[in-house]
Amino acid sequence: MGEKDTFLRMIIALALSILILIIFEHFFFKPSPPPQKTEEPSQPLLPSKGKEDLPQQFGEVVIETPLYRMVLSEYGGRLKSLTLKHYKDKVELHPLSKAIQGFIAKILGKKLDLSPPKPVELVSTQKLNELPLGLLLEQGLPYNEEIPWRFSKTFLEVNGKPEELKMTWEWEGLFIERTLKFYPDTYVIDAEIKLNREIPLYLSWIGRTDLKGSYYGFFGPVLIGPEGRLKIKPKKIGSEPLTFQDLNLFVFDQDYFASIIKAEEKGKILLGRINEAVIYGLFGGEKSQRHHFQIYLGPKDEKELEKLSPLAKKVIDYGTFGLIAIPILKFMQLTHRLTGNWGLDIILLALLIKLIFLWPTQKSYEAMKEMQKIAPELKMLQKKYGHDKERLQKEIMELYRRRRINPLSGCLPLLLQLPVFFALYRALLVSINLRHAPFVLWIRDLSSKDPTYITPILMGLSMILQQKLTPQQGDPAQQKLMLFMPIIFTLLFLNFPSGLVLYWLASNVFGIIHQLYVLRRGKNVDHRERG
């Protein structure tokens, strides 16, 4: 077993580790679910199918704050639009990226989307009674959303101090007053609802679940209770509503953003489906004349979420490697104060990880050098016992024992760094700070792929250089296989987030520098020994 055999096993171990970790996280990692109970006898009037047209037009009110622009409809007092002023739906491509992506689109017979970036929109439905933040009351009450709500203002600007908007509705003896309080420095909205009857009331969020842009992207409900968080896969939600009790928060997750409803007391949630792409969630259920909710509509930013509730931070899901992803982000936030560039922070992270694993990496290089020294003895054993595989393996292991060599020590540094690799991958797909974070030149979004494919190609070239610095050992068939590994990894990384490719590339560069140092040091030692 030569050095190339060891490297081959290392690559196979890497590929298998990646596969195992993906399978484990996808199928076996389940957070503790909040308690589920049977439905109470009193049921709200569930949302109906969306209406194409209504015989009348409904007015609107616009709320402008430094953070967002909100539009409410007189139909049910529902939320028609919520655009975030500091976040765009995409980044504008660099001219080089436009040229390359345009060329690829032309070959594939497609048209490259060059429309300008727009503010992020959190309302994903359009039909009036599929809009979110409607009120749902128990059946039998004369609440009809086609009777317009009346607003105290048609335009409200929130700047410098909190402002309130009052909304009223009255029909056949039922009176409802809703007061919304907006703040200039937070995405939290206070909602107080008063009725002239003591009845259960639910506040709704309705949204599409077919908008995710990546494998780990998620659009759907997340329930947060005293026992933990539960992400509900949309495909598990049918026409018959699911009921959950004793919950603190109802979240509609939208990748890097979230719409959250928090009741004054623990509430009940009903989840159901309107159509194939749209689901609803009803939160509340307390019987009272006065109901108080807090609503959060914004980014999944820890500091902002804490303004709603410490529990709200649980909506940020770092997956299986959260224990590693969080310290990684803390380190990058610390270095970001000095660099101001998240790409440089990723490079510094790669350097830090290399320094942490410097000792096992050094031992790995030393083991590889020893493997090179015993290569002639290995070849002799292969010639002598090539016909007897069992005896050959026994003799090889005996040789390793005598020379105190661990043939698998080369795998250890890489395998130890795998959790960091996956943790950074999750951080890039979850952290709002890394979303649309630029590096240099054409890399304008570290959380998405490199549109020019330059960094994956550079990464592949760095792997080839690493191979060149490793003496050729093993049989010709294995050597040919290893020549394909940089190509395989380059193709694998083409659609990975550019921040992740940058990390791997920087790690390879630091590894090459270390290898050159070890080789030069080894030559000096050999020269002194000969002298």
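Each regular strand carries side chains that alternate between the two faces of the sheet. Along strand β1 (residues 60-64), four of the five residues are buried, which leaves the element largely enclosed by surrounding structure. The pairing of β1 with strand β2 (residues 68-73) spans five bridges and is antiparallel. If you follow E64 over to β2, its bridge partner there is R69. Where β1 hands over to β2, the hairpin turn is made up of three residues, counted between the paired strands.

It is worth spelling out the pattern of salt bridges at this point. Taken as a whole and judged by the stated rule, the model has 15 salt bridges. E163 is paired through a salt bridge with K161; the nearest N and O atoms lie 2.9 Å apart. Residue classification places E163 among the buried residues on the basis of a relative accessible area of 18%. K161 gets classed as partly exposed once you look at its relative accessible area, which sits at 48%. One salt bridge in this structure joins D253 and K300, with 3.0 Å as the shortest N-O distance. Placement of D253 in strand β13 (residues 242-254) and of K300 in the loop between β15 (278-299) and α3 (302-306) is noted, with a sequence separation of 47 residues between them.

With that settled, the discussion passes to empty space enclosed by the protein. Counting across every chain of the model gives two cavities of 30 Å³ or more. As a volume, the second largest cavity reaches approximately 50 Å³. Looking at the second largest cavity, the residues that line it are M70, L72, G77, L133, R178, L180, F182, I189 and I295. Counting residues per element, the lining of the second largest cavity draws most heavily on strand β9 (residues 174-182), at three residues. Its residues assigned to classes, the lining of the second largest cavity shows seven nonpolar, one polar and one charged.

Glancing now at the environment of I189. Position of I189 relative to the elements: it lies in strand β10 (residues 188-208). The sequence separation of I189 and Q294 amounts to 105 residues, and the corresponding C-alpha distance is 5.7 Å.

Together, L348, L351, L355 and L358 make up an exposed nonpolar region whose accessible area comes to about 320 Å². Take the nonpolar patch: its biggest share by element is three residues, from helix α5 (residues 342-356). Along the chain, L358 turns up in helix α6 (residues 358-373).

Here we come to the confidence of the model for the protein chain. Detailed reading of the predicted coordinates is not advisable wherever pLDDT is low. Residue-level pLDDT values for the protein chain average 82, and 79% of them are 70 or greater. Within the protein chain, the lowest mean pLDDT, 49, falls on helix α1 (residues 3-28), and the highest, 96, falls on β2. Taken as a whole, residues 24-42 scores under 50 in pLDDT and shows 43 contacts with residues more than four places along the chain or in a different chain.

Calculation rules
- The numbers attached to residues start from 1 for each chain and follow its sequence in the written order.
- Totals for whole chains, interfaces and linings use every residue, but because this is a predicted model, local features are given only for residues with pLDDT of at least 70 and side-chain atom pairs only at 80 or more, for both listing and counting.
- Only hydrogens and water are set aside; all other atoms, that is, all heavy atoms of the structure, feed into the side-chain values.
- A 1.4 Å probe rolled over the protein chains alone gives each residue an accessible area, and that area as a share of the maximum for its type sets the label: buried under 20%, exposed over 50%, partly exposed in between.
- In DSSP terms, a helix is any run of H or I states spanning at least four residues, a strand is any run of E spanning at least two, and both are numbered starting from the N terminus.
- What makes two strands pair is DSSP finding at least two bridges between them.
- Basic side-chain nitrogens of Lys or Arg form a salt bridge, by our definition, when they fall within 4 Å of a carboxyl oxygen of Asp or Glu.
- Cavities and pockets were defined on a 1 Å grid built from protein atoms only: a cavity is a group of points that admits a 1.4 Å probe but offers it no way out, a pocket is an open group of points flanked by protein on both sides within 12 Å along at least five of seven lines, and a lining residue is one with an atom within 4 Å of any such point.
- Grid points are joined across faces, edges and corners, and a volume is the space filled by probe spheres set on the points.
- Any residue that is not Ala, Val, Leu, Ile, Met, Phe, Trp, Tyr, Cys, Pro, Asp, Glu, Lys or Arg is counted as polar, Gly included; the first ten are nonpolar and the last four charged.
- Only residues whose relative accessible area exceeds 30% and that take part in no salt bridge are eligible for patches, with like-charged residues grouped when within 9 Å of each other and nonpolar side chains (Val, Leu, Ile, Met, Phe, Trp, Tyr) grouped when within 5 Å.
- Calculation of accessible area relied on Shrake-Rupley with a 1.4 Å probe; when residues are assessed, cover is drawn exclusively from the protein chains displayed.
- pLDDT runs from 0 to 100 and stands for how confident the predictor is about each residue.
- By definition in these notes, contact holds between two residues if any of their heavy atoms fall within 4.5 Å.

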